[in-house]
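Letter by letter, the chains look like this.
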Amino acid sequence: MLTLDQCVGANRPSIFVVGESDVEILKYLSEKHDRGNYYVYSTTIAKIVKLKDLLEKKFSPEKTPAQSTFEVLSSILNRTFRETNHHFDTFVFLDCDMFISDRQNIRVVKDILSRYQLDMEYTVNLIFVSQRVCIPPELERLSEVVFFDLPSEQLLKDTSDNLVDKLELKDAQKPTDEVVNNLKGLTLFEVEQAYMQSWQLYQKIDLAFIRDFKKSSISKTDLLTLMETDLTFDSIGGLDNLKQWVKKSYGGWTVEGKKYNLPVLKGVLMIGPPGTGKSMMMKAIGNEWKLPVINLDLSRVFSSRVGDSEANIRRILRIIENTAPCLCVVDEMEKSFAGSQSSTFSDSGVTARILAVFLSWMQDCEKPVFIAGTSNNIMYLPPELISRFDEIFFVNLPQERERQEIFRIHLKIVGRDPDKFDIATLAKNSDDFTGREIQQSIKESLYDAFSKNEEVNTQYILNVLSKKTNITTTFNEQLKALYKWVGWNKDKKDGIRARFASTPDDMDVARIQSEIDSIVGEIEKG
């Protein structure tokens, strides 16, 4: 895809620029290309104004009779360029999504481009600016679409240094490298606002405030959420294989790894029954790697307006790229992509097109973005999506040794000393329970003990466990299907289509093999 510089340098007659900040785009054009031949129009200014004059007068041009967009375009169509001092005159239209879909405006733009093709003396460029792709189908083959990225790392550093000088900060008040790294994904205006507010509130550039500011900024899109969590690997019991793989994969993000030319991995997919720690693990990876965690909720992408869903997913992915390096988490992916194969009949192909955009992005994205996805039912995920992940892990029901870890972790969370409980007995009596069910059992036992004005003990928890229905009852058929899909390699003692997140013990291996043999037997009888 061509850059804005390349399109302007090649004198492309019609350019649609997608960007987050009008001012930054205009200042860029003014500094890089304007030789007195750039003009700006917006529906609020309601006239053509020289770019240089608009910036000098800080968007307060002199009042003159207003013109409609159609009148402005018509005047450009009928303009004579023989007497001008400049070879090309460029007209920048702001917020083009407000008027470009109008049939009359489309017609006059096509007339301008037709005259451009036929009249060698008619030298004009049109630049349409908006925050989303809004090019009408009639203009697609006549125009270029370029994306104006958010500030680069170097530009953010330069802006930070300028603001430090402006605020006359002392060494103790200056931003750390980690602060500057957290500016990625913000516009220059937002960076300035964040620094000013931090200075007013704390008399320094405070890292926690910058993170909160960035979280608020990204959340304003209503499409993404920047997650803050204190979860670490120590907060999650078991999953030794998965944890080891994540720690090893961190090498691609380090300075040493870059020198070694280690490629940054694309992502990991965690499958398994609900409540086994998949979502917690996604968040913990962000803390382990010290990366911002962006939650991509694909349900927010879909819109009732034609074309908006596709525009939303493209905008989301651009924001994620501009925030890199980062961790992008997508929870329960099957909920968003389950209907992609029947999308043509169910939603006019919207889900299929969104999946296609997402797959292309996963394949082609060159920015350091790691995707952590989860799925409770992988049978509903398209194979082409599954194959995009570097590794697939099956997060099984916790084994006895893992349940001991989980009991200890959650007893500490509620302020109890695990050593005062019979952890081994609790683990033996919670076979087939997920980590979430163990957590729920501890909570319920606390309420039982509190209602009797007693301190909770092992017996209270055992009583709750004996009455609680575990997931093998509510999720039995889906769990069998998962075992069948994952498979079991006796020689490698691991899954065939996915690796086990925990090293299976003898009892777990026997159960897995029994489930698979049972399924195979049922198929043969059928």
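The structure under discussion appears in the preceding block.
Residues numbered from 1 in each chain as written. Predicted model: local features only at pLDDT ≥ 70, side-chain atom pairs only at ≥ 80, totals over all residues. Heavy atoms only, no water.

Overview of the overall build of the chain
Spelled out, the test is: Per the convention used, a helix needs a DSSP run of H or I reaching at least four residues, while a strand needs a run of E reaching at least two, with both numbered from the N terminus. For every residue, the accessible area (1.4 Å probe, protein chains only) is compared with the maximum for its type, and the residue is labelled buried under 20%, exposed over 50%, or partly exposed between those bounds. Contacts are residue-level and defined by heavy atoms, with any inter-residue pair within 4.5 Å sufficient. Areas reported as accessible are Shrake-Rupley estimates using a 1.4 Å probe. Residue values count occlusion only from the protein chains shown. The sign given to each residue is positive for Lys and Arg and negative for Asp and Glu; His and the chain ends receive no count. The atom standing in for a charge is NZ when the residue is Lys, CZ when it is Arg, CG when it is Asp and CD when it is Glu.
Within the chain one finds 24 helices and 13 strands. Considering only C-alpha atoms, the chain reaches an extent of 95 × 65 × 50 Å along its principal axes. Considering the chain as a whole, with its 526 residues, one finds that 50% of them fall into the buried category. When contacts within the chain are restricted to residue pairs at least 6 apart in sequence, long-range pairs at least 24 apart make up 75% of them. Summing over all exposed atoms, the chain offers an accessible surface of approximately 26,800 Å²; the carbon and sulfur share of this is 48%. In the chain, the 67 positive side-chain charges and the 77 negative ones have mean positions that sit 1 Å from each other.

Remarks on the packing of helix 20 (residues 435–451) against helix 21 (residues 458–467)
Stated formally: Axis angles are defined between N-to-C directions and span 0 to 180 degrees, where every axis is a line fitted to C-alpha atoms and, for a helix, only to the segment in contact. An angle counts as roughly parallel when it lies under 35 degrees, as roughly antiparallel when it exceeds 145, as roughly perpendicular when it falls between 65 and 115, and as oblique in every other case. Here a crossing is called left-handed whenever its near helix is offset anticlockwise from the far helix by less than a right angle, and right-handed whenever the offset is clockwise. Three residue categories are used. Nonpolar comprises Ala, Val, Leu, Ile, Met, Phe, Trp, Tyr, Cys and Pro, charged comprises Asp, Glu, Lys and Arg, and polar comprises the others, including Gly.
The interhelical angle for the contact between helix 20 and helix 21, taken along N-to-C directions, is 120 degrees, at an axis separation of 8 Å. For the element pair helix 20 / helix 21, the angle class is oblique. With respect to the hand of their crossing, helix 20 and helix 21 are arranged in right-handed fashion. Residue-level contacts link Ser-441, Ile-442, Glu-444, Ser-445, Asp-448 and Ala-449 of helix 20 to Tyr-460, Ile-461, Val-464 and Leu-465 of helix 21. Taken together, the residues of the contact of helix 20 with helix 21 sort by class into six nonpolar, two polar and two charged.

Regarding the environment of Gly-487
Following the sequence through the fold, Gly-487 ends up in the loop between helix 23 (476–486) and strand 13 (499–500). When the C-alpha atoms of Gly-487 and Glu-405 are compared, they prove to be 27 Å apart, with 82 residues separating the residues in sequence.

Quick word on the sheet that holds strand 12 (residues 391–394)
Going by this rule: Note on pairing: DSSP must find at least two bridges between two strands before they are called paired.
Taken in spatial order, the seven strands make up an open sheet running 7-9-10-11-8-12-13, and their pairing is mixed. The open sheet terminates on both sides in strands that have one partner only, identified here as strand 7 (224–227) and strand 13. Along the sheet, helix 13 (residues 308–323) makes contact with strand 7, strand 9 (293–296), strand 10 (326–330) and strand 11 (369–375), crossing strand 9 at roughly 170 degrees.

Concerning the packing of aromatic side chains
For any pair of aromatic rings, geometry is given as the distance between the ring centres together with the angle between the planes. This is how the line gets drawn: When the centres of two rings from Phe, Tyr and Trp lie within 6.5 Å, Trp using its six-membered ring, the rings pair. Their planes under 30 degrees apart give stacked, over 60 give edge-to-face, and anything left gives tilted.
If you walk through the whole model with that rule in mind, you get 18 aromatic pairs. Pairing Trp-253 with Trp-289 gives two aromatic rings, centres 5.6 Å apart and planes at 40 degrees, and the pair type is tilted. Of the two residues, Trp-253 sits in the loop between helix 10 (240–249) and helix 11 (255–259) while Trp-289 sits in helix 12 (residues 278–289), which places them 36 residues apart along the sequence. The exposure classification of Trp-253 matches that of Trp-289, with both residues buried. Ring pairs connect the aromatic residues Trp-245, Tyr-250, Trp-253, Trp-289, Phe-370 and Phe-393, which therefore count as one cluster.

Thoughts on the packing of helix 8 (residues 188–202) against helix 9 (residues 207–219)
Packed helix pairs are characterised by how far apart their axes lie and by the angle those axes make with each other. Two elements in contact, helix 8 and helix 9, have axes whose closest approach is 10 Å; the angle formed by their N-to-C orientations is 135 degrees. Considering the angle they form, helix 8 stands oblique to helix 9. Here helix 8 and helix 9 pass one another in a crossing that is right-handed. Contacts from Glu-190, Gln-193, Ala-194, Tyr-195, Gln-197, Ser-198, Leu-201 and Tyr-202 of helix 8 reach helix 9 at Phe-209, Ile-210, Phe-213 and Ser-217.

A word on a negative patch on the surface
Test applied: To count toward a patch, a residue needs a relative accessible area over 30% and no salt bridge; like charges are then connected within 9 Å, while nonpolar side chains (Val, Leu, Ile, Met, Phe, Trp, Tyr) are connected within 5 Å. Only one rule defines a salt bridge in this text: a Lys or Arg side-chain nitrogen within 4 Å of an Asp or Glu carboxyl oxygen.
Residues Asp-158, Asp-161, Asp-165 and Glu-168 make up a contiguous surface patch of negative charge. Relative to the elements of secondary structure, Glu-168 occurs in the loop between helix 6 (153–167) and helix 7 (177–181). Classification of Glu-168 as exposed rests on a relative accessible area of 68%.

Notes on the side chain of Thr-374
For clarity, the cut-off: A 3.5 Å cut-off defines polar contacts: any pair of N or O atoms within that distance qualifies, except that in protein one atom must be a possible hydrogen donor and the other a possible acceptor, and neighbouring residues in sequence count only when both atoms are side-chain atoms.
Summarising the element assignment, Thr-374 is placed in strand 11. At 2.8 Å, the side chain of Thr-374 forms a polar contact with the backbone nitrogen of Glu-332. Setting aside chain neighbours within four positions, we find Thr-374 in contact with Leu-269, Met-270, Lys-278, Ser-279, Met-282, Val-330, Asp-331, Glu-332, Met-333 and Glu-334.

Points about the sheet that holds strand 2 (residues 38–41)
Judged by pairing direction, the sheet is mixed, and its six strands sit side by side in the order 3-2-4-5-1-6 without closing on themselves. The sheet terminates laterally at strand 3 (49–50) and strand 6 (144–147), the two strands that pair on one side only. Looking at chain direction, strand 1 (residues 14–18) and strand 5 (residues 124–130) are connected through five bridges and run parallel. Counterpart to Val-17 in the pairing with strand 5 is Val-129. The strands that helix 2 (residues 22–32) touches are strand 1, strand 2, strand 4 (89–93) and strand 5; relative to strand 5, the one it contacts most, it runs at about 155 degrees. Lying on the sheet, helix 4 (residues 69–77) is in contact with strand 2, strand 4 and strand 5; it crosses strand 4 at an angle near 170 degrees.

Considerations on the pairing of strand 5
Applied cut-off: Consider the strands pointing away from the viewer: the crossover is right-handed when the path from the first strand over the helix to the second runs clockwise.
Among the seven residues in strand 5, seven count as buried, and that is most of the element. Alternating residues of strand 5 divide into Val-124, Leu-126, Phe-128 and Ser-130 and Asn-125, Ile-127 and Val-129, and every residue in both groups is buried. For the segment spanning strand 4, helix 5 (residues 103–118) and strand 5, crossover handedness is right-handed.

A few points about the layout of surface pockets
For clarity, the threshold we go by: Using a grid of 1 Å spacing that covers the protein atoms alone, one calls a set of points a cavity when a 1.4 Å probe fits there but cannot get out, and a pocket when the set is open and has protein on both sides within 12 Å along at least five of seven lines; lining residues are those with an atom within 4 Å of a point. Grid points are joined across faces, edges and corners, and a volume is the space filled by probe spheres set on the points.
For the largest pocket, the calculated volume is near 1,800 Å³. In terms of lining, the largest pocket is formed by 48 residues, of which the most central are Phe-148, Asp-149, Leu-150, Pro-151 and Asn-322. Going through the elements one at a time, helix 1 (4–9), helix 2, strand 6, helix 6, helix 8, helix 13 and helix 16 (350–364) are the ones with two or more residues in the lining of the largest pocket. If one sorts the elements of the lining of the largest pocket by residue count, helix 6 sits on top with seven residues. Within this model, the second largest pocket holds a volume of roughly 940 Å³.

Details of helix 12
Three- or four-residue spacings in an α-helix give side chains the same orientation, since the helix completes a turn every 3.6 residues. Here is the rule: To estimate how far a helix should extend, the number of its residues minus one is multiplied by 1.5 Å.
For helix 12, with 12 residues, the first-to-last C-alpha span of 17 Å sits near the 16 Å given by 1.5 Å per residue. Within the sequence span of helix 12, burial applies to Lys-278, Met-281, Met-282, Ala-284, Ile-285, Gly-286 and Trp-289. For helix 12, the elements touching its buried residues are helix 10, strand 8 (267–271), strand 9, strand 10 and strand 11. Phi turns positive, to about 55 degrees, at Lys-290, one or two residues after helix 12.

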